[in-house]
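Chain and residue survey
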Amino acid sequence: MRGFNLDGSTPRTPVLIADDLRKSYGKRPALRGLSFALEPGRVLGFLGPNGAGKTTAIRILTTILEPDKGNFSVDGIGSDQPKLVRGRIGVLPESLGLPKHVTALEYLVFYGGLYGLPPNESKASALRLLDDVGLRKRARSLIGSYSRGMRQRLGIARSLINDPAVVFLDEPTLGLDPRGQQDLLALVNRIARDRNVGVVLCSHALSEVETVCDDVVILSLGQVVAKGSVSDVIAQARGNAKRGAGVRIQVPPESTADALERLDGLAFVKAVEAQSDRSGWLRVDLEETQDPGADLRNGNKALSELLAGSVPVMSFETRGGRLGDVFLQLTEGVGG
Amino acid sequence: MSDAPAINEGKQGSYRKARPAWWLVFSREMTDLWMGGKALNLVLVFSVLLGGVAFLLATNSELSLIPPKEMVFEMLRLSLAAAGFICLIIGADSLSGERERSTLEGLLLTPVGRRQIVVGKFLAAVSPWPAALVLSLPYWALLSQGDEAFGLGALWGSILGSLLVPALAAIGMLVSSRSNTNRTSMFVSLGIYLLILVPTQLPGSAQAGSVGQLLKKVSPMEATYHFLEKIIVNSRTVGELTVFLIAPAMLAVLAIGTLLLYYPPRLGLEAGGSGKRSSRGAAVVATLLAASLLAVGQADPATAQEAQDAPFEISIDMEVATVKTGDPVLFDTSVTNNSDADSPPLIVAMNIINLDSEGDVVDPEDWSPERTQYVTPMASGQSVRLSWRVNAILEGDYMVYMVLVPEPDGTNATSHPVASPGIHLTVDPFTRLNPGGVLPLVIAIPTLLMAAVGFVMWRQRRRINQVDAD
């Protein structure tokens, strides 16, 4: 078993270990050898375009599906004991169905009971969790009256009712407004840190994965194309990039022409163009060089040139320096 | 780590005090069904239907003199069919509905055994049956007017309903288990229900043939109805009709057994199940069902051997009878060939004489669906039993007797009719059920149920946006 996600911290015993998981639907392989490990207190982003095998992987890891090959363990319990595994995991599925005619408190007490909690303990635990997710005041309201954000938070509370070692969150911010997304991501972070739980976060929103995740696994066509800590994966992808590095610079739209003119004349700039899909953004391709620090220095020089010419700079980012760039680079050509 | 209770193998103490999972699932399903209004609304419709039919029967009894026994039987039939339908559609929604609403995944992700989930859901799907039974009892009691039909109906209706209705709920759940959408599940379940009902709707002539007789035994619904009719209306004994109990019992054992024993390990997020294994299982169940039903069909009850010996002699198994107008009088005659030779074809004709009016002849056409019965030639010593039914139309004092006419041996020959002993029939006035008498019940039960629905809705509305104080 190979572990990863080491970002300088002392390694701890993983709470989730997947070893060479494989699954096919008929002749079509959906998962081709998924291996990774997740330590407690860390958030693992699970990424991939549609059809990459994420859902299959999550369903295997949550015992809904059986793998054709390979195995996994949760908190030391092997996948050959699915009932016990289910006792140690919490899941917020992508399409979370909630009954309309019961209150949040009744709902959580019911699930507590299913995990073996006596009614009084279940109720106390439910109230604590509702407090944690900010639903304490609405504990006795019918779930049918809840907003999308409240329902997601209730789903997270449900996934924690058994005090799991690993929590799987599938697209938890889907359909939420920006404030709702921010609150929920903060909650996810808090769960991992405060409860020392390993969190697996499936999401298409790469920025949120970058914000909240410590580690990442990127799947493409059922295969792992990258895994490790977020920073390692980004650095590795940049190192592997065959095409020249570059930067993106945002200027006021009315200054775009001026900026283009100034940058075009620089010796280290290979090409510069305004991005048609993002108003005011310039894509600057830099000359390739063997010096690993040259990209950053040249980017700074381009920035200085603009500032010297009194072109206001609103934003600046290194191309290939975001998880989104890595994702696009690694899954290029795959439908998503 | 938080202070939330840890659930793992090391905390067995927690499990001891916890409630069984099937009970939790059952409780939640009950809340969904009854507080959500679905079951309550269906039972309300059931009570309105029952009340409407009870009123029609009561009103109709004034015109066509339907005897109480038959009214009880008709109501019982309706109760079983409607309660079965309600439980079938609730069963049909139980798993596919959860799939559609995405609530099944949450249940499957808990450590609860699949069988416990299925058991809890099944018990909840059957829950409308006791409610329907309790709602039906007052109607049966009222329409029976103190006749023993009420006791018999309540006893056998409960027993057979408790076989048939859960079996239908189980069938609904099995269909639901194989359906990803409610629409499919409901459509297929409805089709199965109609198939089960078809034999009960065949015309009398179709039921009389050998295939009709076979259907009566192998069709669970028809066998149930036949059994109840013979017990309640015709005062037959259970011993004579045991064979008709086999089909509903077999259906219950197979449907409920398949649901609770075979299906649970296959309960999954998708309806497909495990391909070949599921198909093989379904084939085994279908074969078992077919084999057992055929076995039932071939069972030949003692009642089928009703013939007795005696020719050119006709006897009746009843001497006197006192009934009320509208009551049926059922009796058998026995025709015996006492001669040494085969008999010619025989015709048995029924006659009714009014003893109150100097022997006026009563037109048997008004009193009985069959005035004559034909007997094919009998061997020496052979006898034939014929069943008769007379409806007591008017009050009075009557003599009912039979005349046995040997068919003459040609146009120039004659024969010597033989008369049977008579039945002295006294018809008392019918204590008519006042149609208005049924009205309070017809109105009160649905009204009470509507009040219950209103209360549930009010209670739910109060909880919609309940906010706790800090």
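Check the entry above for the structure.
All values derive from a computational prediction rather than experimental measurement. (Residues numbered from 1 in each chain as written. Chains lettered and ligands numbered in written order. Predicted model: local features only at pLDDT ≥ 70, side-chain atom pairs only at ≥ 80, totals over all residues. Heavy atoms only, no water.)

1. Here's the deal with a nonpolar patch on the surface
On the surface, W22, W23 and L123 of chain B cluster together to form a nonpolar patch covering roughly 270 Å² of accessible area. A residue is classified by how much of its surface remains accessible, and W23 of chain B, at 37% relative accessible area, is partly exposed. (Patch = residues over 30% accessible without salt bridge, like charges linked within 9 Å, V, L, I, M, F, W, Y side chains within 5 Å. Areas by Shrake-Rupley, 256 points an atom, 1.4 Å probe, with all protein chains shown as cover. Salt bridge = Lys/Arg side-chain N within 4 Å of Asp/Glu carboxyl O. Buried < 20%, exposed > 50% of the residue type's maximum accessible area, 1.4 Å probe, protein only.)

2. Focus: the environment of D80 of chain A
All names here are of chain A. Position of D80 relative to the elements: it lies in the loop between β5 (77-78) and α2 (82-87). A relative accessible area of 66% means that D80 is categorised as exposed. As a C-alpha pair, D80 and T63 span 17 residues in sequence and 9.5 Å in three-dimensional space. (Helix = DSSP H or I, 4+ residues; strand = E, 2+ residues; numbered from the N terminus.)

3. A closer look at the interface of chain A and chain B
Residue-level contacts link 45 residues of chain A with 44 residues of chain B. In total, about 4,200 Å² of surface goes out of reach between chain A and chain B, with carbon and sulfur atoms giving 58% of it. Interface area lost by chain A to chain B is led by F110, L114 and K137 of chain A, which between them contribute 14%. Linking chain A with chain B are one salt bridge, by the criterion used here. A salt bridge links R59 of chain A to E270 of chain B, with the nearest nitrogen and oxygen atoms 3.7 Å apart. (Contact = heavy atoms within 4.5 Å. Buried area = accessible area lost by both parts, 1.4 Å probe.)

4. Section: the sheet that holds strand β3 (residues 43-47) of chain A
All names here are of chain A. Taken in spatial order, the six strands line up as β6-β7-β8-β3-β9-β10 in an open sheet, and their pairing is mixed. Of all strands in the sheet, those bounded by a partner on one side alone are β6 (89-92) and β10 (223-229). When the angles between neighbouring strand axes are averaged without regard to direction, this sheet yields 15°. Where β3 lies against strand β9 (residues 215-220), four bridges are found, and the strand directions are parallel. Following the sheet pairing, L44 is matched in β9 by D215. Running at roughly 135° to β3, helix α1 (residues 54-61) makes contact with β3, β6, β7 (166-170), β8 (198-202) and β9 of the sheet. (Pairing = 2+ DSSP bridges. Axes fitted to C-alpha atoms, helices over the stretch in contact; angles between N-to-C directions.)

5. Some thoughts on unusual backbone geometry
Residue and element names in this part refer to chain A. The phi dihedral of D20 falls on the positive side, at around 55°, and the residue is not glycine. Tracing the sequence through the fold places D20 in strand β1 (residues 16-25). Residue D75 is not a glycine yet carries a positive backbone phi of 55°. Take D75: it is sitting in the loop between β4 (69-74) and β5. Judged by its relative accessible area of 37%, D75 falls in the partly exposed class.

6. Let's talk about the nonpolar core
Most often, soluble globular proteins have nonpolar side chains that are buried together. Grouped together as the largest cluster of nonpolar side chains are 174 residues, with contacts concentrated most on F46, L154 and V166 of chain A. When residues in this core are grouped by element, the largest group, 14 residues, is from helix α4 (residues 68-94) of chain B. The residues contacting V166 of chain A, other than those within four sequence positions of it, are V15, L16, L38, V74, R88, I89, G90, V197, G198 and V200 of chain A. (Core = buried A, V, L, I, M, F, W, Y, C linked by side-chain atoms within 4.5 Å.)

7. A closer look at the packing of helix α13 (residues 220-232) of chain B against helix α15 (residues 243-262) of chain B
All names here are of chain B. Following both chains from N to C, one finds α13 and α15 inclined at 140°, their axes separated by 8 Å at the closest point. When the interaxial angle is binned, α13 and α15 end up oblique. Note on packing geometry: the crossing formed by α13 with α15 is left-handed. Residue-level inspection shows P220, A223, T224, H226 and F227 of α13 in contact with α15, the latter providing F244, L245, A247, P248 and L251. Looking at the contact of α13 with α15 residue by residue, the classes come out as eight nonpolar, two polar and no charged. (Parallel < 35°, antiparallel > 145°, perpendicular 65-115°, else oblique. Left-handed = near helix turned anticlockwise from the far one by under 90°. Nonpolar A, V, L, I, M, F, W, Y, C, P; charged D, E, K, R; others polar.)

8. Digging into the side chain of S368 of chain B
All names here are of chain B. Position of S368 among the secondary structure elements: in the loop between α17 (364-367) and β6 (372-375). Separated by 2.7 Å, the side chain of S368 and the backbone oxygen of R389 make a polar contact. Leave out the neighbours within four places in its chain, and S368 touches M350, R389 and V390. (Polar contact = N/O pair within 3.5 Å; in protein donor to acceptor, adjacent residues only side chain to side chain.)

9. What to know about helix α4 (residues 119-132) of chain A
Residues and elements named next belong to chain A. Spanning 14 residues, α4 covers 20 Å between terminal C-alpha atoms, matching the ideal 20 Å at 1.5 Å per step. Along α4, the positions that sit buried rather than exposed are S122, S125, A126, L127, L129 and L130. On its buried face, α4 is in contact with α3 (104-114), α5 (148-160) and α6 (178-195). Phi turns positive, to about 80°, at G134, one or two residues after α4. (Expected span 1.5 Å × (residues − 1).)

10. A word on the packing of aromatic side chains
Residues and elements named next belong to chain B. For the structure on display, the rule yields nine aromatic pairs over all chains. Judged by centre distance (4.7 Å) and plane angle (65°), the rings of W367 and Y398 are edge-to-face. Within this pair, whereas W367 is found in helix α17, its partner Y398 is found in strand β8 (residues 396-406), the two being separated by 31 residues in sequence. Judged by its relative accessible area of 3%, W367 falls in the buried class. Overall, the relative accessible area of 2% leaves Y398 in the buried class. For the ring pair F455 and W458, a centre distance of 5.9 Å and an interplane angle of 35° mean the geometry is tilted. Here F455 and its partner W458 are both found in helix α18 (residues 435-464), three residues apart, which amounts to about one turn of the helix. Classification of F455 as partly exposed rests on a relative accessible area of 48%. When the ring centre of Y262 is taken as origin, the NZ or CZ atom of R266, which lies over that ring, is 4.0 Å away. (Phe/Tyr/Trp six-rings, centres within 6.5 Å; stacked < 30°, edge-to-face > 60°. Lys NZ or Arg CZ within 6 Å of the ring centre and 35° of its normal.)

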